[in-house]
Amino acid sequence: MFSSAEIGIDLGTANLLIYTKNKGIVYNEPAVVAIDTTTQNVLAVGEEAKQMIGKTPQNIVPVRPMKDGVIADYEVTSQMLKEMLKKVSKKLGHSLRKPSVVVCVPTGATSVERRAIHNAIKEYGAKYVHLIEEPIAAAIGAGLPVDEPVSNMVVDIGGGTSEVAIISFGGIVSSQSTRVGGDKIDQAIIQHVRKKYNVLIGERTAEQVKIQIGYALIDHPEETMEVRGRDMVSGLPKTIALTSTEIQKALQESLEQILEAIQTTLESCPPELSGDIVDQGITLTGGGALLKGMQEWLSNEIDVPVHIAPEPLECVAIGTGKSLKMITKLQKATK
Ligand code: ADP
Ligand code: MG
């Protein structure tokens, strides 16, 4: 059986997912590698490497090579991809040798970055590599009718970037990519805690705060959460209680920036397509879509219906994998 060697990869800034035609999502782990700086060896990838963030000795550094939506380090990215493909091969019990691969790239990726992604996968031994625009993959994964003459708007809120795109007839009509996403929100929480309490908390703690008590709307049932950090005056560990109200205020600015990208894209939408978008609404994908109150907040702000994709975190990977079928069909048709 060679058919499962057709795979789709969502190379996200926070998470890397691999989808195979037969088994669906077979890999879903943080896009992190831990590197030993003395030997340059990769010590761990994925979840194992993420666990090391903020906890390792100085010679071991966890790296997120895709952090800002661009390949910061080509060498590390290709090592990460290879290690992850190896892990998947092991898990599936057979080798993913010479797979046909579709991988999604952020719309803001330069041609140099696209080539870097292409080459990294090719180096692993892929028979065939196809790059697909991330918003198209997100739309396919969300089950939107991308190849029909109806336009759709997709907003993907990832870790490092948020991508806003209007899609019609299978192509991107207009798009906007901003380097504001979940990471910026985590940083805003860290800054808030540092300023208000003089306590330094880590990135992972900030992310947990966001997921547990982060709300997009001011109007919500208030919750509290205890976190531990380091008191910046005494230098000692300290536990503080955070409220969802103060966290909502801390993340507001990042949300406004995402909103701005959506508004700019809507404003640049050709008038013929605006009607469709008002009818169809906007579909949210990516981990940021899971922020509590997101749907309600956004629809209040823009007066257009807002839908959350069925599996926001898996949507792009599913769409990438499914697009392969379309590409194969197209290739057969043109042969
Ligand atoms: P990328 O495609 O850039 O890898 P993802 O779509 O996987 O990003 O989303 C990752 C981001 O989503 C992270 O910043 C993570 O903290 C955030 N996230 C995940 N789950 C939630 C949640 N329940 N609420 C808010 N943010 C979330
Ligand atoms: Mg993504």
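Treat the numbers as computed from the prediction; the structure is a model and nothing was measured.

Focus: the sheet that holds strand S16 (residues 306–308)
Part 1 of the reasoning: Pairing is mixed in the open sheet, where 5 strands are placed in the order S11-S10-S9-S15-S16. Two strands lie at the open edges of the sheet, namely strand S11 (171–178) and S16, each paired on one side alone. Neighbouring strand axes in the sheet, compared pairwise and without regard to direction, differ in orientation by 20° on average.
Part 2 of the reasoning: The pairing of strand S9 (residues 152–157) with strand S10 (residues 162–168) spans 6 bridges and is antiparallel. Following the sheet pairing, Asp156 is matched in S10 by Glu163.
Part 3 of the reasoning: Its contacts with the sheet put helix H4 (residues 134–141) on S9, S10, S11 and strand S15 (282–285), and the angle it makes with S10 is roughly 70°.

Let's talk about unusual backbone geometry
Part 1 of the reasoning: One non-glycine residue with positive phi stands out, namely Phe169, at about 50°.
Part 2 of the reasoning: Residue Asn198 is not a glycine yet carries a positive backbone phi of 60°.
Part 3 of the reasoning: Mapped onto the elements of the fold, Asn198 is located in the loop between helix H5 (182–197) and strand S12 (199–200).

Details of the site of ligand 1
Part 1 of the reasoning: Around ligand 1 lies a shell of 16 residues, among which Thr13, Ala14, Asn15, Glu207 and Lys210 are the nearest.
Part 2 of the reasoning: Take Thr13: an N or O atom from its side chain is 2.5 Å from an oxygen atom of ligand 1.
Part 3 of the reasoning: Between Ala14 and ligand 1, the recorded distance is 2.7 Å, taken from a backbone N or O atom to an oxygen atom.
Part 4 of the reasoning: Bound to the protein, ligand 1 loses 89% of the 580 Å² it would expose on its own.
Part 5 of the reasoning: Tallying contributions element by element places helix H6 (residues 203–213) first for the shell around ligand 1, with 3 residues.
Part 6 of the reasoning: A per-class count over the shell around ligand 1 returns 5 nonpolar, 9 polar and 2 charged.

Considerations on the environment of Asn152
Part 1 of the reasoning: Take Asn152: it is sitting in strand S9.
Part 2 of the reasoning: Spatially, the C-alpha atom of Asn152 lies 28 Å from that of Glu6, the residues being 146 residues apart in sequence.
Part 3 of the reasoning: Once residues within four sequence positions are removed from consideration, Asn152 is found in contact with Leu144, Pro145, Ala165, Ile166, Ile167, Ile277 and Gln280.

Here we look at the packing of helix H7 (residues 244–267) against helix H9 (residues 294–302)
Part 1 of the reasoning: Look at H7 against H9: their axes get within 11 Å of each other, and the N-to-C directions meet at 50°. Looking at the two axes, H7 sits oblique to H9. Our pair here, H7 against H9, has a crossing hand that is right-handed. Contacts from Gln252, Leu255, Glu256, Leu259, Ile262 and Gln263 in H7 reach Met294, Trp297, Leu298, Glu301 and Ile302 in H9.
Part 2 of the reasoning: Classifying every residue of the contact of H7 with H9 by side-chain character gives 7 nonpolar, 2 polar and 2 charged.

Calculation rules
- Residues numbered from 1 in each chain as written.
- Chains lettered and ligands numbered in written order.
- Predicted model: local features only at pLDDT ≥ 70, side-chain atom pairs only at ≥ 80, totals over all residues.
- Heavy atoms only, no water.
- Pairing = 2+ DSSP bridges.
- Helix = DSSP H or I, 4+ residues; strand = E, 2+ residues; numbered from the N terminus.
- Axes fitted to C-alpha atoms, helices over the stretch in contact; angles between N-to-C directions.
- Contact = heavy atoms within 4.5 Å.
- Near = heavy atom within 4 Å.
- Polar contact = N/O pair within 3.5 Å; in protein donor to acceptor, adjacent residues only side chain to side chain.
- Areas by Shrake-Rupley, 256 points an atom, 1.4 Å probe, with all protein chains shown as cover.
- Nonpolar A, V, L, I, M, F, W, Y, C, P; charged D, E, K, R; others polar.
- Parallel < 35°, antiparallel > 145°, perpendicular 65-115°, else oblique.
- Left-handed = near helix turned anticlockwise from the far one by under 90°.

Nothing here speaks to function; it is all geometry.
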